[in-house]
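Analysis of the macromolecular model
The lines below spell out each chain.
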Amino acid sequence: MSQVSVTELSKELRQAIEQLETSGKIDEVGVVIRIGDGVAWVHGLRKAGFSEVLQIETEDGIVEAFALNLLEDEIGAVLLGEDAQVKAGQTVRLKGTVLDVPVGPELLGRVVDPLGRPLDGGPAIKTKARGIVEREAAGVMDRKSVHEPLMTGIVSIDAMFPIGRGQRELIIGDRQTGKTALAIDTMINQAKQKTGVINVYVAIGQKLSKIARLVDRLKHEGVMDQTIVVATSPSDPASLLYLAPYSGTAMGEYFRDNKGHALMIYDDLTKHAVAYRQMSLLLRRPPGREAYPGDVFYLHSRLLERSAKLSDDLGAGSLTALPIIETQAGDISAYIPTNVISITDGQIFLETDLFYQGIRPAISAGLSVSRVGGAAQTKAVKGVSGNLKLGLSQFRELASFTQFGSDLDDATKKQIDRGQRLTELLKQPQYQPLSVWQQVASIAAVTGGHFDHIPAANIKPAQEAVLTKLWADHKKAMQTLDEGDKPTEATEKVIAETAKKVAKGFED
Amino acid sequence: MARRLSRRLLSTYVADQLQAGVSAHDVMLQLAAYLLQNRRLNEHTLIVRDVEMELARRGQQVGSLHSAFPLSDQTKAAITDLITRELDAKSVSLDEFIDPSLVGGYRVDLPGHQIDQTIKTQLTTLKTQFRKA
């Protein structure tokens, strides 16, 4: 328990008393007429605005709610807490503000709920600023095209589907295919490469044990100092699950608007849509396809539109989004997946089959795409990863034919051999993101044909050996390469020679 | 089939009739018949509230005054003046109640409005503020 200072407590109490209204003010009030399933129906308050905060006076204190349904005769308000204390007949007041949350660097390293209240047992969070939860996205003139890379440290992503700062890249796949793992690795890489990017991880209806594990891992990797975790569990009211991504975005926007860079991870928007469906049905809004309300597209489009690369006039900050969507049996043509695919600037599709074949991360080269990241790819990686995606896609097509054991011509055989080596190279253990020079050297070793005589099973040890030798013998050149510029001829030569030398030790 | 009348329309009609001098008994009988026929009896308390609000909007404020101790005539006159001035009321009628659970101060409940100067509410506000911190 934190130490209690009597002086501070009395100061707080005096301030709180001073803040209390003492003038004879006439407030507009309403009354709760019905309550149930986290939704309160309020009579009166005709001046209430959409999304405005209402305060319900209960015997145990004030419970807040926000107005979502403004009807002719009554207001449908979603409670921001438990509904056990709220009863019909209780007085309701307008708070006079829309929902806002504490924002600022004080939140770094903390686990909070969607209203900014600490969940980690730490001290109360006192920030200098507050951010509006439902804020409008930046306009056209406030933006700049995406041009700076956001390195994930995952070779297959940085080489084939590069992500830029300010981009929205969807991570999509069935359950247990490594979607969250990709997001965590990306967060870890921001700390390892000291990019200065702030991570905001929004857990929507995730098991608390999973969140606890994630926080432990982030602490262990030293990432928590530059991370904010906004957590909601399946036992929280649907209103909190609905608010979580918007609150998290408000927290991320603080850094974007102050010339910083932030990375948002929404884990996952499928559960968010389900929470919104629950709220909408309880508010008696007409159900549409799969019982989702008509504005479920707008739910996600207005959220993801807030991710942006700001113009130089506004400080050139950025907010990158990695939303996660869970599919059922790989069906990406379901309602919510197609919505989010069309909103985002590309998607990374994770396949169950690849995952169980041991190809991890199980990224599908054919179905994944990055629509704007090409402009943001580091020259170094771009220089060596030219037709990596095409080669890998063709290999996976051809590989299915080889199962029949038919005779193949030399060119096809060569393509398959190279594909097998590439696949091995792109396998990457969890929590081990690679830096730019490591990625460039690894890809160059395989695409340059230096590993062509190494059996596929020896590719990973050979890669490690090359990287160790390069760092030991040519540290300065590798540090220069790590800055992201296109490798010089001399550097390319050094990598090629080292790869050739090392490869000899791993041949059959 | 007849269109379902909203509560707002019903309350406006009742207020119109009352202001036109039709007896309250006749108007309520008419309203009760309508609610019974349309199976909307469960809305009757809400409609009464709506009628109160509609009358208040037209300048007839009918409400209640709650206090922990009896208030002086001077205080009551000041409260009535405040309501007349702030809500542009033509007439104000307040029923008085003594409620020791308010601890101190007073509360005026009007249709759609409230003046709450009770110690009880201030303590509840403090409690909530400290719970948030």
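Rules behind the numbers
- Residues numbered from 1 in each chain as written.
- Chains lettered and ligands numbered in written order.
- Predicted model: local features only at pLDDT ≥ 70, side-chain atom pairs only at ≥ 80, totals over all residues.
- Heavy atoms only, no water.
- Helix = DSSP H or I, 4+ residues; strand = E, 2+ residues; numbered from the N terminus.
- Rg over C-alpha atoms; globule rule 2.2 N^0.38 Å.
- Buried < 20%, exposed > 50% of the residue type's maximum accessible area, 1.4 Å probe, protein only.
- Areas by Shrake-Rupley, 256 points an atom, 1.4 Å probe, with all protein chains shown as cover.
- Lys, Arg positive; Asp, Glu negative; His and termini not counted.
- Charge placed at Lys NZ, Arg CZ, Asp CG, Glu CD.
- Domains from an automatic or database assignment.
- Contact = heavy atoms within 4.5 Å.
- Buried area = accessible area lost by both parts, 1.4 Å probe.
- Salt bridge = Lys/Arg side-chain N within 4 Å of Asp/Glu carboxyl O.
- Polar contact = N/O pair within 3.5 Å; in protein donor to acceptor, adjacent residues only side chain to side chain.
- Pairing = 2+ DSSP bridges.
- Axes fitted to C-alpha atoms, helices over the stretch in contact; angles between N-to-C directions.
- Expected span 1.5 Å × (residues − 1).
- Arc of directions from axis to C-beta.
- Phe/Tyr/Trp six-rings, centres within 6.5 Å; stacked < 30°, edge-to-face > 60°.

1. Some points on the overall build of chain B
Of regular secondary structure, chain B possesses 5 helices and 4 strands. The linear arrangement of helices and strands in chain B, starting from the amino end, is α-α-α-β-α-β-β-β-α. The C-alpha atoms of chain B give 19 Å as radius of gyration, which overshoots the globular expectation for 133 residues (14 Å, by more than 25%). Dimensions of chain B, computed from C-alpha atoms along their principal axes, come out at roughly 55 × 40 × 25 Å. Burial statistics for chain B: of 133 residues in total, 38% are counted as buried. Here chain B has roughly 8000 Å² of accessible surface; of this, 56% comes from carbon and sulfur atoms. Of the side chains in chain B, 17 bear a positive and 15 a negative charge, and the two mean positions are spaced by 10 Å.

2. Focus: the domain arrangement of chain B
Residues and elements named next belong to chain B. Domain assignment breaks chain B into domain 1 (1–58) and domain 2 (60–133). Distance from the C-alpha centre of domain 1 to the C-alpha centre of domain 2: 28 Å. On the side of domain 2, 5 residues touch domain 1, which itself brings 6 residues to the contact. When the two sides are added together, the surface that domain 1 and domain 2 hide from each other amounts to roughly 510 Å², 49% of it contributed by carbon and sulfur. Between the two partners, domain 1 and domain 2, sit 0 salt bridges. The tally of links between domain 1 and domain 2 comes to 4 residue pairs in polar contact (both at pLDDT 80 or more).

3. Structural notes on the sheet that holds strand 15 (residues 346–350) of chain A
All names here are of chain A. Read from one edge to the other, the open sheet built from 8 strands follows the order 8-12-11-13-14-10-15-16, with strand pairing classed as mixed. Looking at strand neighbours, the two that pair on one side only are strand 8 (111–112) and strand 16 (369–370), the edges of this open sheet. In terms of strand pairing, strand 10 (residues 170–173) meets strand 14 (residues 318–326) through 3 bridges, oriented parallel. What sits directly across from G173, in strand 14, is E326. Of the strands in this sheet, strand 8, strand 11 (198–203), strand 12 (227–231) and strand 13 (261–267) are in contact with helix 4 (residues 208–220), which crosses strand 12 at around 175 degrees.

4. Things to note about the pattern of salt bridges
Residues and elements named next belong to chain A. Evaluation of the coordinates by the stated rule reveals 36 salt bridges over all chains. One salt bridge connects K271 with D268, and the closest N-O pair in it is separated by 3.1 Å. Residue classification places K271 among the partly exposed positions, given a relative accessible area of 28%. Residue classification places D268 among the buried residues on the basis of a relative accessible area of 3%.

5. Describing helix 4 of chain A
Residues and elements named next belong to chain A. Here helix 4 contains 13 residues, and its C-alpha end-to-end distance of 18 Å stays within 8% of the 18 Å for a straight helix at 1.5 Å per residue. Where helix 4 is concerned, the buried positions are I211, L214, V215 and L218. Projected onto a plane normal to the axis of helix 4, the buried residues spread over an arc of 100 degrees and lie on a single side. Set apart from the buried face of helix 4 by more than 90 degrees, the exposed residues are R213, D216 and H220. Phi turns positive one or two residues past the end of helix 4, at G222, with a value near 75 degrees.

6. Quick word on the environment of K127 of chain B
One can find K127 of chain B in helix 5 (residues 119–132). Contact partners of K127 of chain B, with chain neighbours within four places excluded, come to E59 and D60 of chain A. Among the polar contacts listed, one links the side chain of K127 of chain B to the side chain of D60 of chain A, at a separation of 3.5 Å.

7. Looking at helix 3 (residues 179–192) of chain A
Residue and element names in this part refer to chain A. Spanning 14 residues, helix 3 covers 20 Å between terminal C-alpha atoms, matching the ideal 20 Å at 1.5 Å per step. Counting buried residues in helix 3 gives 13 out of 14 residues, a clear majority hidden from the surface. K194 sits one or two positions beyond helix 3 and adopts a positive phi of about 50 degrees.

8. Quick look at the packing of aromatic side chains
Residue and element names in this part refer to chain A. All chains considered together, the criterion is met by 7 aromatic pairs over all chains. On the numbers, 5.5 Å between centres and 55 degrees between planes, the contact of Y242 with Y246 is tilted. Remark: Y246 and Y242 occur in helix 5 (residues 238–257); sequence separation between them is 4 residues, near one turn of the helix. The exposure classification of Y242 matches that of Y246, with both residues buried. An aromatic cluster is built from F66, Y242, Y246 and Y276, whose rings are joined through pairwise contacts.

9. Structural notes on the pairing of strand 15 of chain A
Across a regular strand the side chains alternate sides, sitting on one face of the sheet and then on the other. All names here are of chain A. Strand 15 sits mainly inside the fold: 5 of its 5 residues count as buried. Of the two faces of strand 15, the one holding G346, I348 and L350 and the one holding Q347 and F349 are both buried throughout. The sheet contact formed by strand 10 and strand 15 spans 4 bridges and is parallel. Within strand 15, the residue paired with G173 across the bridge is L350. The pairing of strand 15 with strand 16 spans 2 bridges and is antiparallel. Paired with Q347 across the strands is V369, a residue of strand 16.

10. A short note on the pairing of strand 4 (residues 61–70) of chain A
Residue and element names in this part refer to chain A. Within strand 4, 9 of the 10 residues are buried, which leaves the element mostly enclosed by the surrounding structure. Sheet topology note: the strand 3 (residues 52–58)/strand 4 ladder contains 6 bridges and is antiparallel. Note that in strand 4 the partner of E57 across the bridge is I62. Linkage of strand 3 to strand 4, two consecutive antiparallel strands, is achieved through a turn of 2 residues. In the sheet, strand 4 pairs with strand 5 (residues 74–79) via 5 bridges, with the strands oriented antiparallel. Of the residues in strand 5, the one forming a bridge with A67 is A77. Where strand 4 folds back onto strand 5 in an antiparallel hairpin, the turn is made up of 3 residues.

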